[in-house]
Amino acid sequence: RISIWILRIVIFLLLVSFAAKNTEIVSVNYYLGFEWQVPMIIVLLACFVLGTAFGFLACAIKKVKKQS
């Protein structure tokens, strides 16, 4: 139990240090010439959240189909 908490703390610290190193502004280009200037960590966080949400949704759909 303690080893799991230590692992979580280590992963959290690694992610925080990664976020601190990636603060420069990047351009995110959309279709029709739209462009968004945003810090890189926001882009990375958005990709992580979307990937997690899609993975959770895929697992939930599979679980619901399995129960039917």
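Bear in mind the structure is a predicted one, so any value in this text is a computation, not a measurement.

Asker: How should the overall build of the protein chain be read in this particular structure?
Answerer: Of regular secondary structure, the protein chain possesses 2 helices and 2 strands. Starting at the N terminus and ending at the C terminus, the protein chain contains elements arranged as α-β-β-α. Its C-alpha atoms give the protein chain a radius of gyration of 17 Å, clearly above 11 Å, the size a compact globule of 68 residues would have. Oriented by its inertia axes, the alpha-carbon framework of the protein chain measures out at about 45 × 35 × 5 Å. Buried residues in the protein chain amount to 3% of all 68 residues. With the model as given, the accessible surface of the protein chain reaches about 6400 Å², and the carbon-plus-sulfur share is 75%.

Asker: Is there a simple way to explain the packing of aromatic side chains in this structure?
Answerer: Ring pairs (aromatic) are described by centroid distance and by the angle formed between their planes. By the definition in use, this model includes 0 aromatic pairs. Over the ring of W5 we find R8, and its NZ or CZ is 5.0 Å from the ring centre.

Asker: Help me out: how do you make sense of the layout of surface pockets in this one?
Answerer: Empty space among the atoms can be located by rolling a probe the size of a water molecule over them. In this structure, the largest pocket encloses a volume near 170 Å³. Every residue along the wall of the largest pocket is listed here: L15, F18, A19, I41, L44, L45 and F48. Elements that contribute at least two residues to the lining of the largest pocket include exactly helix 1 (2-21) and helix 2 (40-67). Ranked by residue count, the leading element in the lining of the largest pocket is helix 2, at 4 residues. Residues that form the lining of the largest pocket fall into these classes: 7 nonpolar, no polar and no charged.

Asker: What exactly am I supposed to notice about the side chain of N22 here?
Answerer: Structurally, the position occupied by N22 is in the loop between helix 1 and strand 1 (25-29). Not counting the four nearest positions on each side in its chain, N22 is found in contact with M40 and I41.

Asker: Honestly, unusual backbone geometry in this entry has me stumped. Any pointers?
Answerer: Glycine aside, negative phi is the norm for most residues, and most peptide bonds take the trans geometry. Non-glycine residue L32 carries a positive phi angle of around 60°. Relative to the helices and strands, L32 is located in the loop between strand 1 and strand 2 (35-39). Look at L32 and you get exposed, because its relative accessible area is 81%.

About the thresholds
Sequence order as written defines residue numbering, which begins from 1 separately in each chain. Two thresholds apply to this predicted model, a pLDDT of at least 70 for residue-level local features and 80 or more for giving and counting side-chain atom pairs, whereas whole-chain, interface and lining totals are computed over all residues. Note: side-chain values were computed over all heavy atoms of the structure, leaving out hydrogens and water. Helical segments are the DSSP runs of H or I of at least four residues, strand segments are the runs of E of at least two, and each set is numbered from the N terminus. Radius of gyration: C-alpha atoms only; globule rule: 2.2 Å multiplied by the number of residues to the exponent 0.38. Under the scheme applied here, a residue whose accessible area is under 20% of the maximum for its type counts as buried, over 50% as exposed, and between as partly exposed, the area being computed with a 1.4 Å probe on protein chains only. Note on areas: Shrake-Rupley with a 1.4 Å probe; residue coverage comes only from the protein chains shown. A pair of Phe, Tyr and Trp rings is counted when the ring centres sit within 6.5 Å of each other, with Trp represented by its six-membered ring. The angle between the planes then sorts it: under 30 degrees is stacked, over 60 is edge-to-face, the rest tilted. Think of it as a cone above the ring: NZ of Lys or CZ of Arg counts as a charge over the ring if it is within 6 Å of the ring centre and within 35 degrees of the ring normal. A cavity here means a set of points on a 1 Å grid, drawn over the protein atoms and nothing else, where a 1.4 Å probe fits but cannot get out; a pocket is an open set with protein on both sides within 12 Å along at least five of seven lines, and a residue lines either one if it has an atom within 4 Å of a point. Grid points are joined across faces, edges and corners, and a volume is the space filled by probe spheres set on the points. Basically, the charged four are Asp, Glu, Lys and Arg, the nonpolar ten are Ala, Val, Leu, Ile, Met, Phe, Trp, Tyr, Cys and Pro, and anything else, Gly included, counts as polar. Contacts are assigned to residue pairs that have any heavy atoms within 4.5 Å of one another.

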